[in-house]
Amino acid sequence: MSADTEQVRLQEQRGPRLHLESMKRTPKTFWRRYRFWILTPLNLAAFFLAWEYIGRVELINPLFLPRASDMFVTFWRGLTGTGTEFVDGVLRENLAYSLRNLFAGVVIAIVAAVPIGLFMGANRWLDMFLSPYIWSLHALPNIAIVPLMILFLGFEARMHITIIAIGASFPILINSWAGVKTTDKSMLAAAKVFGAKRRQLYTKVVFPYTLPFIMTGLQHGMASGFVGMLVAEFLGGSQGLGFLIIRASDTFNSALLYAVLFTVVVLALTLIQSSRWIEAKVAPWRSLRGL
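Just so it is clear, the structure is predicted and the values come from calculations on it, not from any experiment.

Engineer: Which parts of the structure should I look at to understand the overall build of the protein chain?
Structural biologist: Each helix and strand in the protein chain was counted, giving 12 helices and 0 strands. For the protein chain, the sequential pattern of α-helices and β-strands runs α-α-α-α-α-α-α-α-α-α-α-α. Evaluated residue by residue, the protein chain yields a buried proportion of 34% over its 291 residues. Considering only residue pairs separated by 6 or more positions, the protein chain has 68% of its internal contacts joining residues 24 or more positions apart. As displayed, the protein chain offers around 18,300 Å² of accessible surface, 68% of which is attributable to carbon and sulfur atoms.

Engineer: Looking at this structure, I do not really get the packing of aromatic side chains. What am I missing?
Structural biologist: The geometry of an aromatic ring pair is captured by two quantities: the separation of the ring centres and the angle between the planes. For the structure shown, the criterion picks out 10 aromatic pairs. An angle of 65 degrees between the planes, with centres 6.1 Å apart, marks the rings of Phe 47 and Trp 51 as edge-to-face. Of this pair, Phe 47 and Trp 51 are both found in helix H2 (residues 27-57), 4 residues apart, which corresponds to roughly one turn of the helix. On the basis of relative accessibility, which here comes to 12%, the residue Trp 51 falls in the buried class. Of the aromatic side chains, those joined through ring pairs into one cluster are Phe 47, Phe 48, Trp 51, Phe 72, Phe 75, Tyr 258 and Phe 262.

Engineer: Looking at this model, I keep getting lost on empty space enclosed by the protein. Mind explaining?
Structural biologist: In this approach the atoms are scanned with a rolling probe the size of a water molecule, which exposes any empty space left behind. One pass over the structure, following the stated rule, counts 1 cavity of 30 Å³ or more. Looking at the largest cavity, its volume works out to about 40 Å³. What lines the largest cavity is Met 120, Ser 131, Ile 134, Trp 135, Leu 173, Ile 174 and Trp 177. Residue assignment for the lining of the largest cavity shows that the elements contributing at least two residues are helix H5 (124-139) and helix H7 (157-181). When its residues are assigned to classes, the lining of the largest cavity shows 6 nonpolar, 1 polar and no charged.

Engineer: What exactly am I supposed to notice about the pattern of salt bridges here?
Structural biologist: A side chain of one charge can pair with a side chain of the opposite charge if their charged atoms are brought near each other. Under the defined criterion, the tally for this structure stands at 4 salt bridges. Among the salt bridges present, the one from Arg 67 reaches Asp 70, with a minimum N-O distance of 3.4 Å. A relative accessible area of 29% means that Arg 67 is categorised as partly exposed. The partner of Glu 156 in a salt bridge is Arg 158, with the nearest N and O atoms 3.6 Å apart. Given a relative accessible area of 47%, Arg 158 falls into the partly exposed group.

Engineer: In this structure, what is going on with H5? I would like to understand it.
Structural biologist: Residues spaced three or four apart along an α-helix face the same direction, because each turn holds 3.6 residues. Here H5 is 16 residues long and its end C-alpha atoms lie 22 Å apart, about the 22 Å a rise of 1.5 Å per residue gives. Buried residues of H5: Asp 127, Ser 131 and Ile 134, and no others. Tucked inside the fold, the buried residues of H5 contact helix H4 (90-122) and H7. The opening residue of H5 is Asn 123, an N-cap whose side-chain oxygen sits 2.9 Å from the backbone nitrogen of Trp 125.

Engineer: Teacher, can you tell me more about unusual backbone geometry here?
Structural biologist: The phi torsion of most residues other than glycine is negative, and most of the peptide bonds are trans. One non-glycine residue, Glu 58, lies in positive phi territory at about 55 degrees. Counting through the fold element by element, Glu 58 comes out in the loop between H2 and helix H3 (68-80). Note on Glu 58: relative accessible area 51%, which makes it exposed.

Engineer: Any chance you could explain the nonpolar core here in plain terms?
Structural biologist: In globular proteins that are soluble, nonpolar side chains generally tend to be buried together. Formed by 40 residues in total, the largest nonpolar core has its most connected members in Leu 102, Phe 226, Leu 241 and Val 260. Broken down by secondary-structure element, the contributors of at least two residues to this core are H2, H3, H4, H7, helix H9 (198-235), helix H10 (241-250) and helix H11 (254-282). For this core, the leading source of residues is H4, giving 9 residues. Counting residues in each nonpolar core, the second largest holds 8 residues, with Val 146, Met 149, Met 159 and Ala 232 among its members.

About the thresholds
- Residues numbered from 1 in each chain as written.
- Predicted model: local features only at pLDDT ≥ 70, side-chain atom pairs only at ≥ 80, totals over all residues.
- Heavy atoms only, no water.
- Helix = DSSP H or I, 4+ residues; strand = E, 2+ residues; numbered from the N terminus.
- Buried < 20%, exposed > 50% of the residue type's maximum accessible area, 1.4 Å probe, protein only.
- Contact = heavy atoms within 4.5 Å.
- Areas by Shrake-Rupley, 256 points an atom, 1.4 Å probe, with all protein chains shown as cover.
- Phe/Tyr/Trp six-rings, centres within 6.5 Å; stacked < 30°, edge-to-face > 60°.
- 1 Å grid on protein atoms, 1.4 Å probe; cavity = no way out; pocket = protein on both sides within 12 Å on 5 of 7 lines; lining within 4 Å.
- Points joined across faces, edges and corners; volume = space filled by probe spheres on them.
- Nonpolar A, V, L, I, M, F, W, Y, C, P; charged D, E, K, R; others polar.
- Salt bridge = Lys/Arg side-chain N within 4 Å of Asp/Glu carboxyl O.
- Expected span 1.5 Å × (residues − 1).
- Polar contact = N/O pair within 3.5 Å; in protein donor to acceptor, adjacent residues only side chain to side chain.
- Core = buried A, V, L, I, M, F, W, Y, C linked by side-chain atoms within 4.5 Å.

Here you go:
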């Protein structure tokens, strides 16, 4: 009798687990989990097929809209360099140049902007002194300072890096400053009750609370720096994706133009997803709080 009772008890314990496992195998659950990976390729395939059809029947002049297949061929040859024409390998070289400058500019922005933002949020006198300059420079478009940077730094890579760093700095700085300013006062009070000193308040309470704000600033800063990179390459220099866009436009090479634009879109999406992945690693509590 005791063996039968034990068997019934085990079945009752396994019942909810078996029910959950069966729920995981339902088509509805499968669709919720994988619908993005199913719908996105179908959506992109439909888009490029429609583009190819429009290009083949020439509903739009091929000078303005080449066939999608021509764009992909140019994109592949521009990355791999499998030939002797101008487009062969040119995309790879200019992409590498832009990525180097973008990485250097964003790193400089992080190193400079995060400490300044944290100190501004913690010191009202520093905040009062620097705020007018920060907001004034933040409101100034990148394109307005490119001629000035060209005058001081010329057309070399350091000018491009400077524009990227300036564009990326202010979103990071302002978000870091806002994170310190909006730290939950009850958390600070609780830490003080438990005997936390001033340094511990900043390292154990303020900085962890501010970290999601810094990551948000990094996302906006990377986007702003990316735009600054293209603007700087548009207006000054002889390398980079921005320069290649202007070169393709001047030579009426529409396939190369769309290939570069496709590269810019893919690169921008990659940067956004990378920043979200970094945020999930360094501030996992942000997603748990539903922020």
